[in-house]
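Remarks on the overall topology
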Amino acid sequence: PTPPSGLTGAMGDFGEGPLGTKLGQGATAVKYPRPTRVKNKTPAPTQITAEQIVREAKEHQEEDFKAPALKIADVEELAEYRLKKRKEYEDLIRRVYWNESVWVKYAKWEESQKDFARARSVWERALDHHHRSVSIWLKYAEMEMANRFVNHARNVWDRAVTLLPRVDQLWYKYVHMEEMLGMVANARVVFERWMRWEPDHNGWNAYVRFETRYKEYSLVRKVYERYCACHPSVKAFVRWAKFEFGLDEVANAREVYESAVEQMALEPDVDQLYVAFAKFEELAGEKERARGIYKFALDNLPKEKARRVFQNFASFEKQHGDRQGIEDVVLGKKRVTYEEDVRRNPENYDAWFDYARMEESAGDVEKTREVYERAIAVVPPATEKRYWRRYIYLWINYALFEELEAKDHERAREVYRECLKLVPHASFSFSKIWILAAKFEIRRKRLDAARKILGTAIGLAPKSKIFEAYVDIETQLGNIDRCRLLYQKALEANPTDCATWTRFADLENELGETERARAVYELATARDALDAPEILWKSYVDFEIAQGERANARALYERLLDRTKHVKVWMSYAQFENAPLLQGGAEEEDAPGSEAPGGDANVETDPEESLASRERRARDVYERALRSLKETQPDAKEERVMLLEAWRAFEASAADGDVERVEKKMPRRVKRKRAIFADDGAPAGQEEYYDYIFPEEQGAAPNLKILEAAYAWKKRRTE
């Protein structure tokens, strides 16, 4: 019966059943098994590894199929088998005739069937396609030799070497076959044919060994002559010489080496020839000849090629030389090392220094001069003083060597002169070289030349060291007016140099010209721009103290305080007021509670030099200093602490000191934090620092009581 149309439209047609009934979606749908859900996910007690799974799969794998062995029962089956194989090979070479292995397999199969005519035909057909294949020629000839077809093999070899004369392997095989057959004459003919093609060293060496085996020494010498003419190299000559020496023909071997030295002098590997020649002479018992060869090689070879020669020479001298010879070898070894260093980097002046020092210790003046000349020829590449600092000492050492070691004073003078010409004085100069040149002339008793050098130096490079050295020379000579003139020139060149002002004043003071010295100091202190004013002022104060002028020294301190309020000036002022002035103007600090020797005499003449008066003035200076620091530098708390500590030390050593008064002024040190910022202004956290709170600042601090309470609480906790 037909289902209702409504039902059919609702379910759709999905096929017919066995009785022609229409099937719905549920009847025709493919139902897959529900996936198994693993409820227990704990690991099993026995774990299986991947290696175990692979091993079990291999054990259950079935064996590969093997074709059954072919058994031929009669002649007809053999003929059928051969026909089948030949057809297969012919079809194969027709498709891939370029494949050499196919031809080789075909020919070897025919050889295995003992059908040599067919095998020979296959080889010939292969050579038609691959006539330049060395392997096919070799296998073809080997087949003929293996089956004792000598003439056929000789024919193959002859054709092969004619077609491929540059393949040494074919010649080797051809010669080997003839020699194994005992055909020495045929082998020699083959070698002669080969030598006409001028093979490499191995080919000639094989010919030599062949003739040597049959003790044809005259022929060997002829072969070596042709060999050396074909390949004029160190290897060929050394082999020839070793052959002659092996026959105890020492004269012939020496003649070969001498001929080689003449012909191979310009070859890059000539050092090996010299080493072999020297070793030959050593084995022949000619030690002096060997030493002469080594020295000749070291003198004539470039430094970079003499390394191997030198190593063998050093070993030779250690075995056969005396102490002097060994020292020369060691010196030569160092010389080679230094040569490599300066060749690798010519501007390595330290290597030049060591090299020259070594030559000086050896005592060879000419070689030392050569090293110095080569060293000073390496001028720094740029006109910057930092590049010249090490270089200039090469000139200095060179000049000192000529003066002290070589005793050649004219050459030393020339070295100084050339050095002064080379230095670019417009950019920079070296005071040392000017001074050394001038002192050299003084040692040679040429005062005018020394003055001329120093005068030129002042004109080209007016440096303070040059003026100082010039003044020392004139002072020793007693030329005071010239010294004053030099100081004037120095101050005109550099009026801000406090050291020059100080030395000028010291000169006048040593001459007893007190007023002149004071005038120099006054001119110096009146200048606004000075490079080190503290040195000048200290020297001026010391000068006045040495003269016993306390009032002048006090006036200097007051003038200095008008310029600067530095705490060290105040401390020095206080120490000056506390110190007594001894007889003769010398100043000496008091011991605690005592007066210096000679103090009574000063007290009798000047009541201000009494201990009480000095302590009172020093105390007044400390008080003034403290007030000044508070008013002018309120943030300089570290300086105030330094001043108070010095004041407290003074009160502790004073006769009627009041340490408690200073203690009341001492601050309290507290730890605080402050913000820090990076270079770009961004906040970078906080840092701790120590601050000082003075007694007069306690009322101004708004949170001081809180800090004191916290400090007291922390102190109780630590206790």
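Report follows, based on the coordinates. (Residues numbered from 1 in each chain as written. Predicted model: local features only at pLDDT ≥ 70, side-chain atom pairs only at ≥ 80, totals over all residues. Heavy atoms only, no water.)

On to helix H5 (residues 100-112), then. Over its 13 residues, H5 extends 18 Å from the first C-alpha to the last, a length consistent with the 18 Å expected when each residue adds 1.5 Å. Turning to H5, its buried residues are Val102, Trp103, Val104, Tyr106, Ala107, Trp109, Glu110 and Glu111. As for H5, its buried residues are in contact with helix H4 (75-95), helix H6 (116-129) and helix H7 (134-146). Directly beyond the C-terminal end of H5, a positive phi value near 65 degrees is found at Lys114. (Helix = DSSP H or I, 4+ residues; strand = E, 2+ residues; numbered from the N terminus. Expected span 1.5 Å × (residues − 1). Buried < 20%, exposed > 50% of the residue type's maximum accessible area, 1.4 Å probe, protein only. Contact = heavy atoms within 4.5 Å.)

We now examine a negative patch on the surface. A grouping of Asp74, Glu76, Glu77 and Glu80 is seen on the molecular surface, where their side chains present a negatively charged patch. With respect to the helices and strands, Asp74 occurs in the loop between helix H3 (50-59) and H4. (Patch = residues over 30% accessible without salt bridge, like charges linked within 9 Å, V, L, I, M, F, W, Y side chains within 5 Å. Areas by Shrake-Rupley, 256 points an atom, 1.4 Å probe, with all protein chains shown as cover. Salt bridge = Lys/Arg side-chain N within 4 Å of Asp/Glu carboxyl O. Lys, Arg positive; Asp, Glu negative; His and termini not counted. Charge placed at Lys NZ, Arg CZ, Asp CG, Glu CD.)

Attention now goes to the packing of helix H22 (residues 391-405) against helix H24 (residues 431-443). The N-to-C vectors of H22 and H24 enclose an angle of 10 degrees; their axes lie 11 Å apart at closest approach. Considered as vectors, H22 and H24 are oriented roughly parallel to each other. Here H22 contributes Tyr393, Ile396 and Glu403 to the contact with H24, which in turn contributes Lys432, Ile433, Leu436, Phe440 and Arg443. (Axes fitted to C-alpha atoms, helices over the stretch in contact; angles between N-to-C directions. Parallel < 35°, antiparallel > 145°, perpendicular 65-115°, else oblique.)

This paragraph deals with the packing of aromatic side chains. By the definition in use, this model includes 41 aromatic pairs. Ring plane angle 0 degrees and centroid distance 6.0 Å describe the contact between Trp171 and Trp194, whose orientation is recorded as stacked. Taken as a pair, Trp171 in helix H9 (residues 168-180) and Trp194 in helix H10 (residues 184-195) lie far apart in primary sequence, 23 residues in all. Among the residues examined, Trp171 registers a relative accessible area of 1% and is labelled buried. Taking the relative accessible area as the measure of exposure, Trp194 reaches 0% and is therefore buried. Ring centres of Phe428 and Phe430 lie 5.8 Å apart, and the angle between their planes is 85 degrees; on these two criteria the pair is classed as edge-to-face. (Phe/Tyr/Trp six-rings, centres within 6.5 Å; stacked < 30°, edge-to-face > 60°.)

Another point: unusual backbone geometry. Look at Lys215: it is not a glycine, yet its phi comes out positive at around 60 degrees. On the secondary structure map, Lys215 appears in the loop between helix H11 (201-213) and helix H12 (217-230). You can call Lys215 exposed: its relative accessible area is 61%. Backbone geometry places Lys445, a non-glycine residue, at a positive phi of 65 degrees. When you line up the elements, Lys445 lands in the loop between H24 and helix H25 (447-460).

With that out of the way, let us pick up the pattern of salt bridges. On inspection of all chains with the given rule, the structure shows 51 salt bridges. Close ionic contact of Arg86 with Glu110 constitutes a salt bridge, the shortest N to O distance being 2.9 Å. One end of the pair, Arg86, is in helix H4; the other, Glu110, is in helix H5, and 24 residues separate them in sequence. A salt bridge links Asp91 to Lys87, with the shortest nitrogen-to-oxygen separation between them at 3.3 Å. Pair noted here: Asp91 and Lys87 are both in helix H4, with a separation of 4 residues, about one helical turn. The class for Lys87 is exposed, based on a relative accessible area of 54%.

Looking now at the pairing of strand E1 (residues 668-677). Across 9 bridges, E1 lies against strand E2 (residues 683-693) in antiparallel orientation. When the bridges of E2 are listed, Lys673 appears paired with Glu688. Between the antiparallel neighbours E1 and E2 lie 5 residues, among them Gly681 with a positive phi of about 90 degrees. (Pairing = 2+ DSSP bridges.)

Let us look at H25. Its 14 residues place the ends of H25 20 Å apart at the C-alpha level, agreeing with the 20 Å of an ideal helix rising 1.5 Å per residue. Along its buried surface, H25 packs onto H24, helix H26 (464-477) and helix H27 (480-493).

Right, let's get into the layout of surface pockets. Taken as a whole, the second largest pocket encloses approximately 550 Å³ of empty space. In terms of lining, the second largest pocket is formed by 21 residues, of which the most central are Lys538, Tyr557, Leu560, Lys568 and Ser572. Elements represented by at least two residues in the lining of the second largest pocket include exactly helix H30 (533-546), helix H31 (550-563) and helix H32 (567-578). Among the elements that take part in the lining of the second largest pocket, H30 stands out by supplying 8 residues, more than any other. Looking at the lining of the second largest pocket residue by residue, the class counts come to 10 nonpolar, 4 polar and 7 charged. (1 Å grid on protein atoms, 1.4 Å probe; cavity = no way out; pocket = protein on both sides within 12 Å on 5 of 7 lines; lining within 4 Å. Points joined across faces, edges and corners; volume = space filled by probe spheres on them. Nonpolar A, V, L, I, M, F, W, Y, C, P; charged D, E, K, R; others polar.)

Its place among the elements puts Glu144 in helix H7. Residue Glu144 is classed as buried on the basis of its relative accessible area, which comes to 0%. Within the local environment of Glu144, its side chain forms a polar contact with the side chain of Arg120, the two groups lying 2.7 Å apart. (Polar contact = N/O pair within 3.5 Å; in protein donor to acceptor, adjacent residues only side chain to side chain.)

None of the figures reported here should be taken as evidence of function without further support.
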